[in-house]
Amino acid sequence: MLQYVGDEIEAVFGVPSEDSGHAENALRAAIALRKTLENLNAEREREGKFPFKHRTGIHTGTVLAGNTGSEDRLSYALVGDTVNLASRIQDLTKELQCDILVSAETVRNLKQGFPLRREPPRPVKGFSMPVTVYKVLYSYDP
């Protein structure tokens, strides 16, 4: 499922159908986005254009998902602390100067290894406990 929110994209894995590999699929999608953007930016730079940037925050947890709106304008929406924390993790990418951060909850759900580096816990707006995140290292090529 994918939805646009302002200038960001929300993607969810495991809703509405269960996906036992949701953590890997989310991380692979983020890495594929990074690789695609690198290729696009190389082309843009050859054409003298400014490169695009992206930042991705990945978090695992329970969400409330469903249709909202009317028959004329139906939308599939995600709400809850999991969604909010994913957004806050994405915000941390600026502070940590990286483009993909993954929460400790997501790392615990990974069934295969990815090159990650644990960062010290960080406070995030709207949450009382600091959040532990992992940087995704560039050496992985899906």
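Preceding this section is the structure that the text describes.
Presented here is an overview of the structure given in this document. Nothing here was measured: the structure is a model prediction, and the numbers come from that model.

Grouped together as the largest cluster of nonpolar side chains are 11 residues: Ala23, Ala26, Leu27, Ala30, Ile31, Ile58, Ile100, Val102, Leu110, Phe114 and Val136. The set of elements that each furnish at least two residues to this core consists of α1 (22-46) and β6 (100-103). Examining the composition of this core, we find that five residues originate from one element, α1, more than from any other. Excluding residues that lie within four positions of it along the chain, alanine 30 makes contacts with His54, Thr56, Ile58 and Ile100. Counting nine residues, the second largest nonpolar core, distinct from the first, contains Leu85, Ile89, Leu92 and Val124.

Inspection of the secondary structure assignment puts lysine 135 in strand β8 (residues 133-136). The side chain of lysine 135 sits in the buried core without any salt bridge; glutamate 119 is the nearest counter-charge, 4.1 Å away. Only 3.0 Å separates the side chain of lysine 135 from the backbone oxygen of leucine 96, close enough to count as a polar contact. Leaving out residues up to four positions away in the same chain, lysine 135 has contacts with Leu96, Cys98, Ile100, Leu101, Pro115, Leu116, Arg117 and Glu119.

This part is about the pairing of strand β4 (residues 64-69). For β4, a buried count of zero out of six residues is recorded, marking the element as mostly open to its surroundings. Taken together, β4 and the strand that follows it, strand β5 (residues 74-79), pair antiparallel across an intervening segment of four residues.

What follows is about the layout of surface pockets. By volume, the largest pocket is sized at about 1,100 Å³. Taken together, 37 residues form the lining of the largest pocket, with Ile9, Glu10, Ala11, Thr56 and Gly57 sitting closest to its centre. For the lining of the largest pocket, the secondary structure elements donating two or more residues are β2 (8-11), α1, β3 (56-58) and α2 (81-95). With seven residues, α2 is the single largest residue contributor to the lining of the largest pocket. Looking at the second largest pocket, its volume works out to about 200 Å³. Lining the second largest pocket are Arg34, Leu37, Glu38, Asn41, Phe52, Lys53, His54, Arg55, Gln97, Cys98, Asp99 and Tyr138. Of the residues belonging to the lining of the second largest pocket, the class tally is four nonpolar, three polar and five charged.

A few words now on α2. The terminal C-alpha atoms of α2 lie 21 Å apart, and with 15 residues this matches the ideal 21 Å at 1.5 Å per residue to within 8%. Those residues of α2 lying buried are Thr82, Val83, Leu85, Ala86, Ile89, Gln90, Leu92 and Thr93. Positive phi shows up at glutamine 97, right after α2, with a value of about 50°.

What follows concerns α1. Taking 1.5 Å of rise per residue, 25 residues should cover 36 Å, and α1 covers 36 Å from first to last C-alpha, within 8% of that figure. If you check which residues of α1 are buried, you get Ala23, Glu24, Ala26, Leu27, Ala30, Ile31, Arg34, Leu37, Asn41 and Arg44. At its buried positions, α1 is contacted by β3, β6, α3 (104-109), β7 (116-118) and β8. The first or second residue beyond α1 is glycine 48, which carries a positive phi of 80°.

With that settled, consider the sheet that holds β8. As summarised here, the arrangement of the four strands in space is β3-β6-β8-β7, forming an open sheet in which the pairing is mixed. Each edge of the open sheet is held by one strand with a lone partner, namely β3 and β7. Direction aside, neighbouring strands of the sheet carry axes that sit 25° apart on average. Relative to β8, β6 runs antiparallel, the two being bridged by three bridges. Within the sheet, the bridge partner assigned to leucine 101 lies in β8 and is lysine 135.

Analysis parameters
- Residues numbered from 1 in each chain as written.
- Predicted model: local features only at pLDDT ≥ 70, side-chain atom pairs only at ≥ 80, totals over all residues.
- Heavy atoms only, no water.
- Core = buried A, V, L, I, M, F, W, Y, C linked by side-chain atoms within 4.5 Å.
- Buried < 20%, exposed > 50% of the residue type's maximum accessible area, 1.4 Å probe, protein only.
- Helix = DSSP H or I, 4+ residues; strand = E, 2+ residues; numbered from the N terminus.
- Contact = heavy atoms within 4.5 Å.
- Lys, Arg positive; Asp, Glu negative; His and termini not counted.
- Salt bridge = Lys/Arg side-chain N within 4 Å of Asp/Glu carboxyl O.
- Polar contact = N/O pair within 3.5 Å; in protein donor to acceptor, adjacent residues only side chain to side chain.
- Pairing = 2+ DSSP bridges.
- 1 Å grid on protein atoms, 1.4 Å probe; cavity = no way out; pocket = protein on both sides within 12 Å on 5 of 7 lines; lining within 4 Å.
- Points joined across faces, edges and corners; volume = space filled by probe spheres on them.
- Nonpolar A, V, L, I, M, F, W, Y, C, P; charged D, E, K, R; others polar.
- Expected span 1.5 Å × (residues − 1).
- Axes fitted to C-alpha atoms, helices over the stretch in contact; angles between N-to-C directions.

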